[in-house]
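Working through the structure, step by step
Each chain, written out:
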Amino acid sequence: KNIVVLISGQGSNMQAIVRAARDRQWGRRWGARLAGVVSNRPEAAGLAWAQAEGLPTVALDHRAYASREAFDAALIQAIDGLCPPGPFLVVLAGFMRILTPGFVEHYAGRLINIHPSLLPAFPGLHTHERALQAGCRFAGATVHRVTAELDHGEYLDQVVVPVMPDDSADTLAARVLTQEHLMYPRVIERLLAAG
Ligand code: GRF
C-alpha cells in the first residue's frame, strides 16, 4: 500500500505522517510505505526534509506548464511513476493548488486533504484570519476526501481548538497545526486498517 504525499511548502503535516508511519509501524502492520513526496514548488522546505529522510522526491514547478491540465497530467505521471501502477492513497498536505477534475477523477476514492478550518465554515484561503474576524470562539481543521468541488468532500475527521482573546492568525494557526499533526496520521491509519 503505497502512499504519496503532496506538499507546497513547510510540509509539517507530511513530516508528522512520515514519523507516524515509522513510529506506528505502518509497514509491518499494513504493508504501507511512503512511496515519495511531490511538490509543485522546487523550493518547498519539505522536499529537503524528505530527501534527508531518504524518501524519493519530485518537484514539478507549476510555472513551467502552459495549463493547469498540462501540470496535472505531469503530476499524475510523477505520482504513478513513484509506485507503479499507482498509489493506495494520495495525501494533500499543505498542497496549495486547485486540482483539475481529470486529476481528481484519476485518483477517485484515493485522494484526501487537510483544510485548516471547521468545514463547512471558511472554505478557501486565510481561514484563521476569517475565523478571528468573525469572532469565532473555536477553530480547527478538517480532513476530507477530495472531490471536484473545492473543500467539499466527505469529512473524515475534525479537530477543534479554543480561540484565545489575544490570538493572532499566527498564534491560532500554530494551535491548529499542532492538532493537525495528530489528526492526519490518525485518519490515514484508519484508512489503512480498513484496507
Ligand atoms: C496547514 O495549515 C494545513 O492545514 C494547510 O497548509 C498549512 C501548512 O501545512 N493545508 P504544512 O505545514 O505545509 O503541512
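Position numbers for residues count from 1 along each chain, tracking the sequence in the order it is written. Predicted model: local features are reported for residues with pLDDT of at least 70 only, side-chain atom pairs are reported and counted for 80 or more only, and whole-chain, interface and lining totals are derived from all residues. Side-chain figures throughout are based on the complete set of non-hydrogen atoms in the structure, without hydrogens or water.

Helical segments are the DSSP runs of H or I of at least four residues, strand segments are the runs of E of at least two, and each set is numbered from the N terminus. Secondary structure assignment for the chain yields seven helices and seven strands. In the chain, the order of α-helices and β-strands from amino to carboxyl end is β-α-α-β-α-β-α-β-α-β-α-β-β-α. Radius of gyration: C-alpha atoms only; globule rule: 2.2 Å multiplied by the number of residues to the exponent 0.38. The C-alpha atoms of the chain give a radius of gyration of 16 Å, which matches the 16 Å a tight globule of 195 residues would have. Taken along its principal axes, the extent of the C-alpha atoms in the chain is 50 × 40 × 30 Å. Relative accessibility under 20% of the residue-type maximum defines a buried residue, over 50% an exposed one, and the middle range a partly exposed one, all with a 1.4 Å probe and only protein chains included. Counting across all 195 residues of the chain, residues that qualify as buried make up 50%.

Pairing of aromatic rings covers Phe, Tyr and the six-membered ring of Trp, with a centre-to-centre limit of 6.5 Å; geometry is then stacked below 30 degrees between planes, edge-to-face above 60, and tilted otherwise. One pass over the structure, following the stated rule, counts two aromatic pairs. Plain terms: the ring middles of Tyr-65 and Phe-71 are 5.5 Å apart, the flat faces sit at 70 degrees to each other, and that makes the pair edge-to-face. Looking at Phe-71, the relative accessible area reads 0%, which means it is buried. Distance and angle both matter: a charge sits over a ring if NZ of Lys or CZ of Arg is within 6 Å of the ring centre and within 35 degrees of the ring normal. Cation over ring: Lys-1 sits above Phe-88, and NZ or CZ is 5.6 Å from the ring centre. Against the face of Phe-71 rests Arg-97, its NZ or CZ located 4.5 Å from the ring centre.

UniProt positions are given in the numbering used here, feature names are shortened, and annotations may be inferred rather than shown by experiment. The UniProt record annotates "binding site: N(1)-(5-phospho-beta-D-ribosyl)glycinamide" (unreviewed entry) at Gly-11, Ser-12 and Asn-13. In the annotated group above, the largest pocket draws its lining from Gly-11, Ser-12 and Asn-13. The residue Gly-11 is located in the loop between strand 1 (2-7) and helix 1 (12-23) in this model. Here, two residues are considered to be in contact whenever any of their heavy atoms come within 4.5 Å of each other. Apart from residues lying up to four places away in sequence, Ser-12 is in contact with Leu-177 and His-181. Throughout, the protein atoms alone are placed on a 1 Å grid, and a set of points is a cavity if a 1.4 Å probe fits but cannot get out or a pocket if it is open with protein on both sides within 12 Å along at least five of seven lines; lining residues have an atom within 4 Å of a point.

Looking now at the sheet that holds strand 2 (residues 33-39). Two strands in a sheet stick together by hydrogen bonds in their backbones, pointing the same way (parallel) or opposite ways (antiparallel). Pairs of strands are assigned from DSSP output, requiring at least two bridges between the strands. Read across the open sheet, the seven strands follow the order 3-2-1-4-5-6-7; overall the sheet is mixed. Pairing within the sheet leaves two strands with one partner each, and these edge strands are strand 3 (57-59) and strand 7 (155-162). Neighbour-to-neighbour, the strand axes of this sheet turn through a mean angle of 15 degrees, independent of strand direction. Across six bridges, strand 1 lies against strand 2 in parallel orientation. Following the sheet pairing, Val-4 is matched in strand 2 by Gly-36. Lying on the sheet, helix 3 (residues 45-52) is in contact with strand 1, strand 2 and strand 3; it crosses strand 3 at an angle near 155 degrees. Throughout, an axis means a line fitted to C-alpha atoms (over the contacting stretch in the case of helices), and angles, computed between N-to-C directions, take values from 0 to 180 degrees.

Neighbouring the ligand are Gln-10, Gly-11, Ser-12, Asn-13, Ala-93, Gly-94, Ile-114, Pro-116, Leu-177 and Glu-180. Definition of a polar contact: a pair of N or O atoms within 3.5 Å, with one able to donate and the other able to accept a hydrogen when the atoms are protein atoms, and with sequence-neighbouring residues admitted only if both atoms are side-chain atoms. Within the backbone of Gly-11, a nitrogen or oxygen atom sits 2.9 Å from an oxygen atom of the ligand. Within the side chain of Glu-180, a nitrogen or oxygen atom sits 2.8 Å from an oxygen atom of the ligand. All accessibility values rest on the Shrake-Rupley procedure with a 1.4 Å probe; residue burial counts only the protein chains present in the view. The protein chains hide 83% of the 370 Å² of surface that the ligand would expose on its own. Most atoms of the ligand, that is more than half of them, are within 2 Å of grid points of the largest pocket. Residues are sorted three ways: Asp, Glu, Lys and Arg are charged, Ala, Val, Leu, Ile, Met, Phe, Trp, Tyr, Cys and Pro are nonpolar, and all the rest, Gly among them, are polar. Across the shell around the ligand, the residue classes break down as four nonpolar, five polar and one charged. To be near a molecule or strand, a residue needs just one of its heavy atoms within 4 Å of it. Molecule-in-pocket calls rest on the fraction of atoms, with more than half required to lie within 2 Å of the cavity or pocket grid points.

Considering only enclosed or pocket space, the largest pocket measures out at about 990 Å³ in volume. What lines the largest pocket is a set of 38 residues, and nearest its centre among them are Gly-94, Phe-95, Met-96, Pro-116 and Leu-125. If you list the elements that add at least two residues to the lining of the largest pocket, you get helix 1, strand 5 (111-115), helix 6 (127-134) and helix 7 (169-194). Class assignment of the residues belonging to the lining of the largest pocket gives a composition of 16 nonpolar, 16 polar and six charged. Grid points are joined across faces, edges and corners, and a volume is the space filled by probe spheres set on the points.

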